[in-house]
Amino acid sequence: MPSVDEPFALVIFGASGDLTRRKLMPALWSLYSARTLPEPFVILAVSRTAMTDDEFRTRVREAVMEFARVKPPSDHVWERFASSVFYLSGDPGDPALYPQLEAKLRELETRHAGPPNRLFYCATPPSLYDDIVHNLGAAGLARAEGGWTRIVIEKPFGRDYASARALNEQLAGVFNEDQVYRIDHYLGKETVQNILVLRFANEIFEPLWSRVHVHHVQITVSEDIGVENRGAYYEEAGALRDMVQNHMLQLLCLIAMEPPVTFDAGPVRDEKNKVMQSIRPIDPARIDEVAVRGQYTAGFVGGRQVPGYRQEKGVAPTSRTETYAALRLHVDNWRWAGVPFFLRTGKRLPKRASEIVIRFHRTPHMIFRRSPSGVEPSIMIIRIQPDEGIALTVTVKSPGPDLKLGTVTMDFHYGEVFGGQPPEAYERLLLDAIHGDPTLYARGDWVEQAWAVLEPVLDAWGERGEPSPYEAGTWGPPEADELIRRDGGAWHQP
């Protein structure tokens, strides 16, 4: 792993796009202002749009003022950062760009001593990945010349198993696997990282974290917004590809994995891969028993009337694309045999929330005869966003002369304890890529396994039927409630 003081150059393809404006440049500025970004550095932005260095720097400052966690304290501090930001106009799909790119990098790298360390970031549509990877290889820019060279790829990593495998083969033809960083921003969130700390730094939970005590696990990622201006993209993706294949299966792995030998990339990723290998294959003939899809219709969210999915811009009026997906998966290993894992995600639900719910078994024998209905099972809730924290619900005696039982919640809020805003996910992930730590990045074989798990559902939904309608502002189609009810559960509503 390089030292934090080692110089580097970051090349961003797709620099005029929304990802660069809203996430990458604000994250880089926040790292710089906190003095955690290694120096000296060079940021070279590449895009088709014709711009000068100063014009791009002006755009970056506007983006930082709007989206960054930390605002520039003075013009002097900002100018120091901006003096390391440069712009190169060109088409990433055109091989003629890359000799210019190499020449520009060599020119900029003369500003500091040491070997060339380069990080290429693909903030472009996935359709350009093949061209960028091929052109970097053909120009000799994928080789490390005394320093290091890495590439960051944004999701989606393909749209099915075959395309994911083809992308991995394309990358492997130019880069070594340890040079490739497949970014899933969910893994950079503080509360997601804290799952491993909660599990493996607190001995109290380990004896409870198995089929012996856990009845089922729920993973929910809900959004109150629709597809906004991404209708055309969403028509090609849908909820299963957009959220389940990456974010949600990563969360499942963090909950289900065995303790790694060390918190290093190899051991952590190996344990996550073992979880994927243990997920029970989905029987194509029984898709409706384990998977539910839905599509929102017109309704009210937050007191505001919103259109249905088929009325959104860029969406076909007869679209069969799912905006809601729920799955029941089983991890068939010694720890989790018989414990269902329920995943659900959707758009135009009542609120934005991401959480993991661990529901424990009920007590095996009820000794409190005055409460014939029994007690509610204990649950642990790990809130990933927006109200980051951890809650544990337990049963207690209510005050009074009679023996009455009730539930209380022990609740920990990150904001109340630690104060301030937690770092943005892209801050952590960019810094890890610069430092050469891929622990929180997806490995190529994990990506392929994730697609293989979902392939039967994708095939079945692509061939037949319609998604079940659900009114915007509700928690999805009724079939999803039935999916979890079969195992004696009910969805926890955030």
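Below is a summary of the structure that appears in this document. In this text, all values refer to a predicted model and were calculated from it rather than measured experimentally.

1. Some details on the packing of helix 2 (residues 53-67) against helix 3 (residues 75-82)
Thinking step 1. For the pair helix 2 and helix 3, interaxial distance at closest approach is 11 Å and the crossing angle is 125°. It follows from the interaxial angle that helix 2 and helix 3 lie oblique. The way helix 2 lies across helix 3 gives a crossing that is right-handed. Here helix 2 contributes R57, V60, R61 and V64 to the contact with helix 3, which in turn contributes D75, W78 and A82.
Thinking step 2. Of the residues contributing to the contact of helix 2 with helix 3, the split by class is four nonpolar, no polar and three charged.

2. Looking at unusual backbone geometry
Thinking step 1. K155 connects to P156 through a cis peptide bond whose omega is 5°.
Thinking step 2. The residue P156 is located in the loop between strand 5 (149-154) and helix 6 (161-172) in this model.
Thinking step 3. Omega for the bond connecting Q385 with P386 falls within 30 degrees of zero, at -5°, which places this linkage in the cis form.
Thinking step 4. As for its placement among the helices and strands, P386 is situated in the loop between strand 14 (379-385) and strand 15 (389-397).
Thinking step 5. The residue R35 is not glycine, and still its phi comes out positive at about 60°.
Thinking step 6. Mapping R35 onto the fold places it in the loop between helix 1 (18-33) and strand 2 (41-47).

3. Some remarks on the pairing of strand 17 (residues 468-471)
Thinking step 1. The side-chain alternation of strand 17 yields one buried face, formed by S468 and Y470, and one unburied face, formed by P469 and E471.
Thinking step 2. Sheet topology note: the strand 8 (residues 291-297)/strand 17 ladder contains four bridges and is parallel. What sits directly across from T297, in strand 17, is E471.

4. A few points about the packing of helix 6 against helix 13 (residues 444-463)
Thinking step 1. At their nearest, the axes of helix 6 and helix 13 sit 9 Å apart, and the two run at 170° to each other. Here helix 13 runs roughly antiparallel to helix 6, going by the angle between their axes. Contact residues: helix 6 offers Y161, A164, R165 and N168, while helix 13 offers G444, V447, E448, W451, A452 and E455.
Thinking step 2. When the residues that make up the contact of helix 6 with helix 13 are grouped by side-chain class, the tally is five nonpolar, two polar and three charged.

5. Some words on the nonpolar core
Thinking step 1. Of all hydrophobic cores here, the largest spans 146 residues; its most connected members are I12, F81, L101, Y121, L252, F341 and I356.
Thinking step 2. Of all the elements, helix 8 (residues 231-256) adds the most residues to this core, at 13 residues.
Thinking step 3. Residues in contact with L101, not counting those within four places in the same chain, are V11, F13, L44, V46, L88, F120 and L141.

6. Let's talk about the environment of D387
Thinking step 1. Structurally, the position occupied by D387 is in the loop between strand 14 and strand 15.
Thinking step 2. Residue D387 is classed as partly exposed on the basis of its relative accessible area of 36%.
Thinking step 3. In sequence terms D387 and F41 are 346 residues apart; their C-alpha atoms lie 35 Å from each other.
Thinking step 4. Here H413 takes part through its side chain, which lies 3.1 Å from a polar atom of the side chain of D387.

7. Quick look at the pattern of salt bridges
Once their charged atoms are close, side chains differing in charge can pair, the charge on each being opposite to the other.
Thinking step 1. The full count for this structure, using the stated rule, is 31 salt bridges.
Thinking step 2. As a salt-bridge pair, R106 and E102 come within 3.2 Å of each other at their nearest N and O atoms. Here R106 and its partner E102 are both found in helix 4 (residues 97-109), four residues apart, which amounts to about one turn of the helix.
Thinking step 3. Taking the shortest distance from any N to any O, the salt bridge between D432 and R428 comes out at 3.0 Å. Here R428 and D432 lie together in helix 12 (residues 425-435), a separation of four residues that amounts to about one turn.
Thinking step 4. Given a relative accessible area of 27%, R428 falls into the partly exposed group.
Thinking step 5. In this structure, a network of salt bridges that share partners links the residues D18, R21, R22 and E66.

8. Notes on the packing of aromatic side chains
Thinking step 1. Evaluation of the coordinates by the stated rule reveals 22 aromatic pairs.
Thinking step 2. Measuring from centroid to centroid gives 5.8 Å for W29 and Y32, while their planes differ by 40°, and the two rings are tilted. Of the two residues, W29 and Y32 both sit in helix 1, three residues apart, roughly one turn of that helix. For the pair W29 and Y32, one class covers both residues: buried.
Thinking step 3. Plain terms: the ring middles of Y181 and Y441 are 5.0 Å apart, the flat faces sit at 80° to each other, and that makes the pair edge-to-face.

9. Quick word on the pairing of strand 5
Thinking step 1. Where burial is concerned, most of strand 5 is hidden: six out of the six residues are buried.
Thinking step 2. Every second residue of strand 5 is oriented toward a common face, with T149, I151 and I153 on one face and R150, V152 and E154 on the other, all of them buried.
Thinking step 3. When strand 4 (residues 118-122) meets strand 5, the two strands line up parallel, connected through five bridges. Along strand 5, the bridge assignment pairs C122 with I153.
Thinking step 4. As a crossover connection, the stretch from strand 4 through helix 5 (residues 129-138) into strand 5 is right-handed.
Thinking step 5. Between strand 5 and its parallel partner strand 6 (residues 180-183), the chain crosses via helix 6, and the hand of that crossover is right-handed.

Analysis parameters
Residues numbered from 1 in each chain as written. Predicted model: local features only at pLDDT ≥ 70, side-chain atom pairs only at ≥ 80, totals over all residues. Heavy atoms only, no water. Axes fitted to C-alpha atoms, helices over the stretch in contact; angles between N-to-C directions. Helix = DSSP H or I, 4+ residues; strand = E, 2+ residues; numbered from the N terminus. Parallel < 35°, antiparallel > 145°, perpendicular 65-115°, else oblique. Left-handed = near helix turned anticlockwise from the far one by under 90°. Contact = heavy atoms within 4.5 Å. Nonpolar A, V, L, I, M, F, W, Y, C, P; charged D, E, K, R; others polar. Buried < 20%, exposed > 50% of the residue type's maximum accessible area, 1.4 Å probe, protein only. Pairing = 2+ DSSP bridges. Core = buried A, V, L, I, M, F, W, Y, C linked by side-chain atoms within 4.5 Å. Polar contact = N/O pair within 3.5 Å; in protein donor to acceptor, adjacent residues only side chain to side chain. Salt bridge = Lys/Arg side-chain N within 4 Å of Asp/Glu carboxyl O. Phe/Tyr/Trp six-rings, centres within 6.5 Å; stacked < 30°, edge-to-face > 60°. Right-handed = clockwise from strand over helix to strand, strands pointing away.

Everything listed is a geometric property; what it means functionally is a separate question.
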